[in-house]
Amino acid sequence: MDGDKQVLYGVLDKTLGDNTTLTLGGTYHHEHDTPSLFGLPANEKGYDLRLPRSTYLGASWNRSTYQKQDAFVELDHQFNGNWKLNSALEYKHSTSQTAYGYVPQRSDVSANGTVSDGFTGHSDRHSNQWNFRSDLDGKYTLFGREHELYAGYNYNREKFDNTWHGKKITGEYNIFRWQGTEIAQPADWNSLPKEIRHTTIHTHTLGLATRLNPIERWHLLIGASYSRWQQRQHLSWMSKPDSKYSKGRLIPYTGITYDLTPQQSLYASYSSIFKYSGDYLDINGKTLPPVMGNNYEIGWKGSWNDDRINTTLAFFQTEKHNQPIDTWKGIDPATGAVREWQRGDRSIYTPVRLQSRGIDAEIAGNLTDDWRIFAGYTYNTRKYPETIGSTLKGGDFNKQTPKHMLRLYTSYRLPGAAEKWTVGLGMSTQSGTSSGWDVKNGGHTLWNANVQYKPTQDLSVGVAVNNLTDKRYYENHGIRAHGWGNFYGEPRNAVFSLKWKM
């Protein structure tokens, strides 16, 4: 596989008077690569087939191109020492084209490495997005104490178009002797079955919040946002291709903080969840209701060593209702019958309740001027609060997320004559995971190291080596199955960096 990327970015600031700054900026991004859409197969038990990391079960003619242009203008105005207004307008335009032929699909690998079936496809995607944001924040005095206020408005409009041509291919292919020439590129993509998607989404959001300081050690945050969302969509493969959906909701949130000392505090927070389901449809072709729920968090924050080390400990719980999950069933576009999903079918989703809870702990900062440390641990459990179809109450709804994750890193600037050198060592480890198809992925540990040389205050040169031991592992994906969806993690690699301040 090969590819390249070019990114051009520029920003221009202009001061307008003593209190106003105008900023203009833009980005141009062009990229082309060889798409790896469906990954690798595993054996019939879901274990690693020990294929070379370079294995690519796609056609030699597979190509993907991507372009994006982004332009923005931002105005920042300071009314006085207490109040500030920031407004920004941004436009994004992106296009991409992908052509592919790929095996395997949802089929098991035989003992001699044979798989069956696959797909050829060509996607042509266009996206235009406008975003306007305006935020006002400042301080005010009430009952002899100073408080803070925030008010904001955000508007977003996105139009997305995708035209796909493709078909299923039948035959038998041997993954151990794959050359990339087994699948012929269609002479005329327009002659293949076509699917068209046009989607336009408008979102308006108003927000208002205040941070009250009623007494010296207590701080209370109260806020709410109102979001109004509208979607128009055309799906050519649906029996009713055009749909329109709109919804609005008030989303409250609140938090409270108590300062034990100037460096230690306790806090608790609550926020409501409201997210539009978009084009997730049930068995009757009706749009699923919005996702709703609640977030709860309590925790402690502290600083040490003259505020050079920060520590946090948080306990969290999230509850969601109407979360769409894929049933892996589809509606046959020809007969309207329900069957195991096939390409071209309208996917069937069902709304479910979800609950997750866990712990986050972190310490980061400087033990000395030359010695920096970081350690973080996350414990996360997930479950269905009730039985859904064949999924029993208490089952894990996100098996690809590790229950335990630990990250450690330290760096040290060498003393004396070697003070221009800094060395670092880190690791991340996680417990085992699974997928929606119960394909296991064992726990693993990755090591990384880096060296930096800084001959002057303005110039630094560094080398970072990731996956130091060249650990072989699969990325965590919920779609991992026996026949597809298995992607190797990054092998050992080195990154060279050069930084110069002008």
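What comes next is a walk through the structure.

The rules we used
Residues numbered from 1 in each chain as written. Predicted model: local features only at pLDDT ≥ 70, side-chain atom pairs only at ≥ 80, totals over all residues. Heavy atoms only, no water. Helix = DSSP H or I, 4+ residues; strand = E, 2+ residues; numbered from the N terminus. Buried < 20%, exposed > 50% of the residue type's maximum accessible area, 1.4 Å probe, protein only. Contact = heavy atoms within 4.5 Å. Lys, Arg positive; Asp, Glu negative; His and termini not counted. Charge placed at Lys NZ, Arg CZ, Asp CG, Glu CD. Patch = residues over 30% accessible without salt bridge, like charges linked within 9 Å, V, L, I, M, F, W, Y side chains within 5 Å. Areas by Shrake-Rupley, 256 points an atom, 1.4 Å probe, with all protein chains shown as cover. Salt bridge = Lys/Arg side-chain N within 4 Å of Asp/Glu carboxyl O. Core = buried A, V, L, I, M, F, W, Y, C linked by side-chain atoms within 4.5 Å. Pairing = 2+ DSSP bridges. Polar contact = N/O pair within 3.5 Å; in protein donor to acceptor, adjacent residues only side chain to side chain. Phe/Tyr/Trp six-rings, centres within 6.5 Å; stacked < 30°, edge-to-face > 60°.

Some points on the overall build of the protein
When its secondary structure is counted, the protein shows 0 helices and 20 strands. In terms of its C-alpha atoms, the protein occupies a principal-axis envelope of roughly 75 × 60 × 50 Å. By residue count, 35% of the 502 residues in the protein fall in the buried class. Considering only contacts in the protein between residues 6 or more positions apart, those separated by 24 or more positions represent 64%. One way to put it: in the protein the 57 positive side-chain charges average out to a point 4 Å from where the 50 negative ones average out.

Thoughts on a nonpolar patch on the surface
Taken together, the side chains of Leu367, Trp371, Tyr412, Trp421, Val423 and Val451 present a nonpolar region at the surface, about 490 Å² in accessible area. Given a relative accessible area of 33%, Tyr412 falls into the partly exposed group.

A short note on the nonpolar core
Membership of the largest hydrophobic core comes to 26 residues, with the highest contact counts inside it found for Leu57, Val103, Tyr173 and Ile183. Those elements that provide at least two residues to this core are strand 4 (83–102), strand 5 (114–142) and strand 6 (145–174). Apart from the residues within four sequence positions on either side, Ile183 is in contact with Ala59, Trp61, Gly101, Tyr102, Val103, Thr120, Ile169, Tyr173 and Trp178.

Thoughts on the pairing of strand 1 (residues 3–16)
Among the 14 residues in strand 1, 0 count as buried, and that is only a small part of the element. Between the antiparallel neighbours strand 1 and strand 2 (residues 20–33) lie 3 residues, among them Gly17 with a positive phi of about 80 degrees.

Looking at the side chain of Thr23
Looking at the secondary structure, you find Thr23 in strand 2. Accessibility expressed as a relative area gives 13% for Thr23, which makes it buried. Among the polar contacts made by the side chain of Thr23, one reaches the side chain of Asp13 at a distance of 2.8 Å. Aside from chain neighbours lying at most four places away, what touches Thr23 is Val11, Leu12, Asp13, Phe72, Val73 and Glu74.

Re the environment of Val495
Here Val495 shows up in strand 20 (residues 493–500). With 29 residues separating them in the primary sequence, Val495 and Asn466 have C-alpha atoms 8.1 Å apart.

Notes on unusual backbone geometry
Positive phi, normally seen in glycine, also occurs at Asn305, with a value near 55 degrees. Looking at the element boundaries, Asn305 is found in the loop between strand 11 (291–304) and strand 12 (309–331). Phi is positive for Asp307, which is not a glycine, with a value near 65 degrees.

Quick look at the side chain of Asn486
Within the secondary structure, Asn486 is located in the loop between strand 19 (459–466) and strand 20. At a separation of 2.8 Å, a polar atom in the side chain of Asn486 contacts the side chain of Arg480. Among residues more than four places away in sequence, those in contact with Asn486 are Phe38, Gly39, Leu40, Pro41, Ala42, Val439, Tyr474, Arg480 and Ala481.

Comments concerning the pattern of salt bridges
Close approach of charged atoms allows side chains of opposite charge to pair. This model, assessed by the stated rule, comprises 7 salt bridges. A salt bridge links Arg133 to Asp135; its shortest N-O distance comes to 2.9 Å. Judged by its relative accessible area of 24%, Arg133 falls in the partly exposed class. Relative accessible area serves as the criterion here: at 15%, Asp135 is assigned to the buried category. In this structure, Asp370 engages Arg413 in a salt bridge whose closest nitrogen and oxygen atoms are separated by 2.5 Å. One end of the pair, Asp370, is in the loop between strand 14 (346–366) and strand 15 (371–383); the other, Arg413, is in strand 16 (residues 404–413), and 43 residues separate them in sequence. Asp370 gets classed as partly exposed once you look at its relative accessible area, which sits at 27%. Of the residues examined, Arg413 reaches a relative accessible area of 38% and is grouped as partly exposed.

Some words on the packing of aromatic side chains
Using the criterion set out here, one finds 14 aromatic pairs in the structure. Ring centres of Tyr474 and Tyr488 lie 5.1 Å apart, and the angle between their planes is 5 degrees; this geometry places the pair in the stacked category. One end of the pair, Tyr474, is in the loop between strand 19 and strand 20; the other, Tyr488, is in the loop between strand 19 and strand 20, and 14 residues separate them in sequence. For Tyr474, a relative accessible area of 5% translates into the label buried. Grouped by ring-pair contacts, the aromatic residues Phe38, Tyr56, Tyr100 and Tyr102 constitute a single cluster.

Quick notes on the environment of Ser239
Tracing the backbone shows Ser239 in the loop between strand 8 (218–235) and strand 9 (242–261). Look at Ser239 and you get exposed, because its relative accessible area is 76%. Separated by 95 residues in the primary sequence, Ser239 and Ala334 place their C-alpha atoms 9.8 Å from one another.

Some points on the pairing of strand 7 (residues 194–215)
Sheet analysis places strand 6 next to strand 7, joined by 18 bridges and oriented antiparallel. If you follow Tyr153 over to strand 7, its bridge partner there is Leu206. Pairing of strand 7 with strand 8 involves 17 bridges; the strand directions are antiparallel. Each residue of the ladder has a partner; that of Ala209, found in strand 8, is Gly223. The turn linking strand 7 back onto strand 8 is made up of 2 residues.

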